[in-house]
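Residues per chain, in single letters:
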Amino acid sequence: MLRARDLSLIMAGYAGLATGAFAPVPAGELTPFISHALILILFLSFLDIDFRTLIRLRGRDLAQVAGWTLAKLVLLPLALWAVCRLLIPGWALAVLLLAGTSAGVMVPFFAGLLGAEIHRSLQVVVATSLLLPLTLPGLTKLLLGQELPIPFSHMARMLGMIIFIPLLLTLLGRRTAPALLAWLGRRRYPLMLVLVFICNAGVFAPFAGFLRSQADQALLALTVSILVALAAAAGGLAWGLLFGDRMSGLGGAIAFTFSNSMLVVVFAAKFFGPRATLLPALYTLPFFLMILPLRWLKTRLGLERPAGDGV
């Protein structure tokens, strides 16, 4: 059943998308602020994250997080890239970038929204976020080789700045202004809706003319983005059913599906062409709609939060 928070998040995402596509001039004023809005989204999402959870991981828990991280950052993007190289080679790079990004900082929020395990999801978000500045540029350079003249260090530095600035702000705020962080935490959801709107409007404004003039390419990109979302959800579900412990198949599907696509938009716009940027931008469409089939899967397949949720 569709809940009020599901609906408000979907509406905020699609309102931003429609504004960027049909009112590109005013929406274009937001485009320079996409990276700033993304940093604020990361900051707000980091408020509840205890980064010490990774330090305390031992034995079976450490192996679980390492397995989920390997699957999300390496196995899934490699598999989807290989399929695209065979079937639609022109989109292989874009798919690699989209599939290879970290589990989104909103994953714990979506996990709570859909009734999945939260703690392990949070650990996977932290691990994949911290490793992303190494894995995504590394995969790109490894697979493209001489086709890619962009230095690894430039890509890693850009991703590192977007991820580690909000992380450092969060840690500093906990030491110097905990009351302010608590105040922000209580008002986080409406702030998130505004920031999601800003990101989507700013992302789609530069593509408004392309979407109208090359509708066939835009439709193809949308189709690919939907297939990536479905493949990611299936991959997370399968990995959870095969190797899951605290994080079930539902939690895995959430972690794999709700990835940091906005981060890929900013990253691809800086280093790659419009196709690599358009695909993660259009991923906004299935991104929010995937709430519905995942909620249906939970009900249909009886995917419940596992017992022992917590540390």
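Residues numbered from 1 in each chain as written. Predicted model: local features only at pLDDT ≥ 70, side-chain atom pairs only at ≥ 80, totals over all residues. Heavy atoms only, no water.

Let us look at the overall build of the protein. Looking only at helices and strands, the protein features 18 helices and zero strands. Based on the C-alpha atoms only, the size of the protein along its principal axes is roughly 55 × 45 × 45 Å. With 311 residues in all, the protein has 54% of them scored as buried. Residue pairs in contact within the protein that sit at least 24 positions apart in sequence constitute 82% of those at least 6 positions apart. Surface exposure of the protein reaches about 13600 Å², of which carbon and sulfur atoms provide 71%. (Helix = DSSP H or I, 4+ residues; strand = E, 2+ residues; numbered from the N terminus. Buried < 20%, exposed > 50% of the residue type's maximum accessible area, 1.4 Å probe, protein only. Contact = heavy atoms within 4.5 Å. Areas by Shrake-Rupley, 256 points an atom, 1.4 Å probe, with all protein chains shown as cover.)

Tallied over the full model, the rule gives two cavities of 30 Å³ or more. The set of elements that each furnish at least two residues to the lining of the largest cavity consists of α3 (34-46), α7 (107-114), α11 (188-204), α15 (261-271) and α17 (284-289). In the lining of the largest cavity, the residues fall into twelve nonpolar, six polar and no charged. Here the second largest cavity is characterised by a volume of approximately 40 Å³. Together, Lys-72, Leu-76, Leu-80, Leu-98, Ala-99, Val-228, Ala-232, Phe-256, Ser-259 and Tyr-283 line the second largest cavity. Elements supplying a minimum of two residues to the lining of the second largest cavity: α5 (59-87), α6 (92-99) and α13 (215-243). Broken down by element, the lining of the second largest cavity gets its largest block of residues, three residues, from α5. In the lining of the second largest cavity, the residues fall into eight nonpolar, one polar and one charged. (1 Å grid on protein atoms, 1.4 Å probe; cavity = no way out; pocket = protein on both sides within 12 Å on 5 of 7 lines; lining within 4 Å. Points joined across faces, edges and corners; volume = space filled by probe spheres on them. Nonpolar A, V, L, I, M, F, W, Y, C, P; charged D, E, K, R; others polar.)

To continue, consider the environment of Val-105. Among the secondary structure elements, Val-105 is positioned in the loop between α6 and α7. Residue classification places Val-105 among the buried residues on the basis of a relative accessible area of 5%. The sequence separation of Val-105 and Asn-260 amounts to 155 residues, and the corresponding C-alpha distance is 7.2 Å.

What follows deals with the packing of α3 against α11. Contact pair α3 / α11: the axes reach a minimum separation of 9 Å and the direction vectors enclose 155 degrees. Between α3 and α11, the angle falls in the class roughly antiparallel. α11 is crossed by α3, and the crossing has left-handed handedness. When α3 is examined against α11, the residues Ile-34, Ala-37, Leu-38, Leu-40, Ile-41, Leu-44 and Ser-45 are found in contact with a partner set consisting of Arg-188, Leu-191, Met-192, Leu-195, Val-196, Ile-198, Cys-199, Gly-202 and Val-203. (Axes fitted to C-alpha atoms, helices over the stretch in contact; angles between N-to-C directions. Parallel < 35°, antiparallel > 145°, perpendicular 65-115°, else oblique. Left-handed = near helix turned anticlockwise from the far one by under 90°.)

The biggest cluster of nonpolar side chains holds 100 residues, and the ones touching the most others in it are Phe-110, Ile-254, Phe-258, Phe-267 and Phe-272. Once residues lying within four places of it in the same chain are set aside, the contact partners of Ile-254 are Val-107, Phe-110, Ala-111, Leu-114, Ala-116 and Leu-294. (Core = buried A, V, L, I, M, F, W, Y, C linked by side-chain atoms within 4.5 Å.)

In this section: the confidence of the model for the protein. Of all residues in the protein, 91% have pLDDT values of 70 or greater, and the mean over the chain is 82. Scored below 50 in pLDDT, residues 305-311 shows 17 contacts in the model against residues more than four places distant or in partner chains. (pLDDT = per-residue confidence, 0-100.)

Next up on the list: the packing of aromatic side chains. Counted according to the given criterion, the structure contains seven aromatic pairs. Geometrically, the ring pair formed by Phe-110 and Phe-287 is edge-to-face, given 5.8 Å between the ring centres and 70 degrees between the ring planes. Here Phe-110 is found in helix α7, whereas its partner Phe-287 is found in helix α17, with 177 residues between them in sequence. Classification of Phe-110 as buried rests on a relative accessible area of 0%. For the pair Phe-258 and Phe-287, a centre-to-centre distance of 5.2 Å together with 80 degrees between the ring planes defines the contact as edge-to-face. Taken as a pair, Phe-258 in the loop between α14 (249-257) and α15 and Phe-287 in helix α17 lie far apart in primary sequence, 29 residues in all. On the basis of relative accessibility, which here comes to 1%, the residue Phe-258 falls in the buried class. Above the face of the Trp-91 ring, Arg-275 is positioned so that its terminal group lies 4.6 Å from the ring centre. (Phe/Tyr/Trp six-rings, centres within 6.5 Å; stacked < 30°, edge-to-face > 60°. Lys NZ or Arg CZ within 6 Å of the ring centre and 35° of its normal.)

Approximately 270 Å³ is the volume found for the largest pocket. Ser-45, Asp-48, Phe-109, Arg-188 and Met-192 are, among the 16 residues lining the largest pocket, the residues nearest its centre. Of all elements in the fold, only α1 (4-22), α7, α10 (178-186) and α11 reach the threshold of two or more residues within the lining of the largest pocket. Among the elements that line the lining of the largest pocket, the one with the most residues is α11, at three residues. The wall of the second largest pocket is formed by Leu-80, Val-83, Cys-84, Leu-87, Ile-88, Val-95, Leu-220, Thr-223, Val-224, Leu-227, Val-228 and Ala-231. Those elements giving two or more residues to the lining of the second largest pocket turn out to be α5 and α13.

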